[in-house]
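Fold and geometry: a report
For reference, the chains in residue letters:
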Amino acid sequence: MAYCNEAFIELQGAYLFAEIRNRIDAYKKLHSNTNIISLGIGDVTQPLAPVVIKAMQKAVFEMGNIETFRGYGPEQGYSFLREAIVNGDFKSRGIDLEPSEIFVSDGAKCDVGNMQDIFAESSLVAVTDPVYPVYVDSNVMAGRGGKFVNGNYQRIIYMPCYEECAFKPSLPIHDPQIIYLCSPNNPTGSVFTHKDLTMWVKYAQQTGSVIFFDAAYEAFITDKDLPHSIYEIEGAKEVAIEFRSYSKSAGFTGVRCGYCVVPHALMLETQSGEKISANELWNRRQCTKFNGCSYIVQRGAEALYTEEGKAQVQATINIYRENAHMILEGLMEVGLTSSGGKNSPYIWVTVPEGMTSWEFFDLLLQQAGVVCTPGAGFGPCGAGYIRLTAFNTPENTQEAVQRLKKLLKKGES
Ligand SMILES: *Cc1c(COP(=O)(O)O)cnc(C)c1O
């Protein structure tokens, strides 16, 4: 008999989305003709930009021709895309990176989940509460979680995010080696300012910790003054790894492409005190366990950096932005407190006094046919909140907002 990796036994199941599904199914069984609208999804609805389709079609034809066929590509990504990234996402914002610091992948979830591979098993990990569950579960699988007690893993350091602090975390209660930050944030929609990020970079420098900066929603930032990349902060290259994704910005959730930045300046240490390049370790890890993102997909991603591509992507993001605006207005009209939705596709809503997030979920589902995501699923601090997303179609979003307004009109609920 083979023994299992017992770290997996500590995982808390995919409770959140399974439970949401169960409640929707139970409701549908009783009300077969109700049209349910989901403002809970973390998936996009708008199709790919025409430039992407054109680029991928061209790449498909290349693959069918002996002269232009390509087999295995570089594990790190093709240089045409790595260069487009360096110029389009960073140089344009005054950040100098080399293509060799960019690692193209099949999405940010894998990178965010795998990056901890190059860190010692003994590393202490700090996450926010509420949190994107991948950060926690990938570390639990690697044996860094400890026992699960009262909604928290005992070896993970949680940084609570309170409404009173605009849902931004304060420094951890003891020094971790790895810190996960996500801005614009999933689920709360909060965004770090330059000042916030400067504090985190200083803290990481002082304590020798490494920041995993998840910028999957960077494209949703509208305020001119907000940082899009952690490398806008001086000294961040020595302490931070950044994760990016084309999923939410360009509708690549089903196409699969993202990348991470592992700067040459980022050094880790061996037990005996030698310095070792994180970039080299990650490169070694990827070359061993990953064989590259498909050529066709990388050509599609490259097309996003053309003028035409940028304009088409912006048009789609504007659709989601208007959805977010509609939701925010609706919530305001019924007197519910919410945040996010301005530089983020997520809106974090305070549930009415005296209700839990699951009770509010049930009310919206049963009385309005609208699905949300209960905040409790993202951690104990999410308990009094629900998350709404701007990713549905404008028609569905409008209809959902009408139903919410009808149900929750001030003083009538
Ligand atoms: C959606 C999302 C990602 C990106 O996932 P992909 O694997 O690139 O589709 C990363 N981080 C967060 C917080 C997300 O919500």
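None of the values given here were measured: they were computed from a predicted structure.

**Observations regarding the pattern of salt bridges**
- The full count for this structure, using the stated rule, is 17 salt bridges.
- Among the ionic pairs, arginine 244 bridges to glutamate 218, the shortest N-O distance being 3.4 Å. Taken together, the positions of arginine 244 in strand E9 (residues 240-245) and glutamate 218 in the loop between strand E8 (210-214) and E9 put the pair 26 residues apart, joining distant regions of the chain. The residues arginine 244 and glutamate 218 share a single accessibility class, namely buried.
- Salt-bridge contacts for arginine 403 lead to glutamate 399; the nearest nitrogen and oxygen are separated by 2.8 Å. Residue arginine 403 and its partner glutamate 399 are both found in helix H12 (residues 394-408); the two are separated by 4 residues, about one turn of the helix.
- Where salt bridges share partners, they join Asp89, Glu218, Glu242 and Arg244 into one cluster.

**Some remarks on the UniProt feature "domain: Aminotransferase class I/classII large" (unreviewed entry) in the protein**
- Sites flagged by UniProt as "domain: Aminotransferase class I/classII large" (unreviewed entry) map to residues 35-404.
- Helix makes up 35% of residues 35-404 and strand makes up 17%, while its end C-alpha atoms are separated by 14 Å.

**Comments concerning the sheet that holds strand E13 (residues 338-340)**
- Pairing is antiparallel in the open sheet, where 4 strands are placed in the order E13-E14-E17-E16. Each edge of the sheet is formed by a strand with only one pairing partner; in this case those strands are E13 and strand E16 (373-374).
- On the sheet, helix H11 (residues 357-368) packs against E16 and strand E17 (385-389) and is oriented at approximately 45° with respect to E17.

**Looking at the side chain of aspartate 214**
- Assignment of secondary structure puts aspartate 214 in strand E8.
- Of the side chains with opposite charge, lysine 248 lies nearest to the buried aspartate 214, which makes no salt bridge, at 7.5 Å.
- Engagement of the side chain of aspartate 214 in a polar contact is seen with the backbone nitrogen of alanine 216, the distance being 3.1 Å.
- With near-sequence residues (within four places) excluded, aspartate 214 lies in contact with Val112, Tyr132, Tyr135, Leu181, Cys182, Ser183 and Phe243.

**So, the sheet that holds strand E2 (residues 102-105)**
- One open sheet holds the 7 strands; their spatial order is E2-E10-E9-E8-E7-E3-E6, and the pairing between them is mixed. What marks the edges here is a single partner per strand, and that holds for E2 and strand E6 (156-160). Each adjacent strand pair in this sheet contributes to an overall mean axis angle of 20°, direction not counted.
- By the bridge criterion, 4 bridges tie E8 to E9 in an arrangement that is parallel. Within E9, the position partnered with phenylalanine 213 by the bridge is glutamate 242.
- Seen against the sheet, helix H6 (residues 194-207) touches E6, strand E7 (178-182) and E8 and runs at an angle of roughly 150° to E8.

**Topic: the site of the ligand**
- Neighbouring the ligand are 14 residues; Tyr217, Ser245, Ser247, Lys248 and Arg256 lie closest to it.
- At 2.9 Å, a backbone N or O of lysine 109 approaches an oxygen atom of the ligand.
- Contact between the ligand and serine 247: an oxygen atom at 2.6 Å from a side-chain N or O atom of the residue.
- In the complex, 93% of the free accessible area of the ligand, which totals 390 Å², lies under the protein chains.
- Contributing elements (two or more residues each) for the shell around the ligand: helix H4 (108-114) and helix H7 (247-250).

**Regarding the packing of aromatic side chains**
- Applying the stated criterion across every chain, the model contains 25 aromatic pairs.
- Here tyrosine 180 and phenylalanine 212 contribute two aromatic rings whose centre-to-centre distance is 4.9 Å and whose plane-to-plane angle is 70°, an arrangement assigned as edge-to-face. A residue pair is termed long-range when its members are at least 10 positions apart, and tyrosine 180 in strand E7 and phenylalanine 212 in strand E8 qualify at 32 residues. Per residue, the accessibility class of tyrosine 180 equals that of phenylalanine 212, and both read buried.

**Here's the deal with the nonpolar core**
- Of all hydrophobic cores here, the largest spans 62 residues; its most connected members are Tyr246 and Phe252.
- Looking at this core, the element that brings in the most residues is helix H3 (residues 79-90), giving 6 residues.
- The residues contacting tyrosine 246, other than those within four sequence positions of it, are Leu81, Ile85, Gly251, Phe252, Cys257, Gly258, Tyr259, Ala301, Leu304 and Tyr305.

Reading the values: the criteria
- Residues numbered from 1 in each chain as written.
- Predicted model: local features only at pLDDT ≥ 70, side-chain atom pairs only at ≥ 80, totals over all residues.
- Heavy atoms only, no water.
- Salt bridge = Lys/Arg side-chain N within 4 Å of Asp/Glu carboxyl O.
- Helix = DSSP H or I, 4+ residues; strand = E, 2+ residues; numbered from the N terminus.
- Buried < 20%, exposed > 50% of the residue type's maximum accessible area, 1.4 Å probe, protein only.
- UniProt positions renumbered as here; feature names shortened; annotations may be inferred.
- Pairing = 2+ DSSP bridges.
- Contact = heavy atoms within 4.5 Å.
- Axes fitted to C-alpha atoms, helices over the stretch in contact; angles between N-to-C directions.
- Lys, Arg positive; Asp, Glu negative; His and termini not counted.
- Polar contact = N/O pair within 3.5 Å; in protein donor to acceptor, adjacent residues only side chain to side chain.
- Near = heavy atom within 4 Å.
- Areas by Shrake-Rupley, 256 points an atom, 1.4 Å probe, with all protein chains shown as cover.
- Phe/Tyr/Trp six-rings, centres within 6.5 Å; stacked < 30°, edge-to-face > 60°.
- Core = buried A, V, L, I, M, F, W, Y, C linked by side-chain atoms within 4.5 Å.

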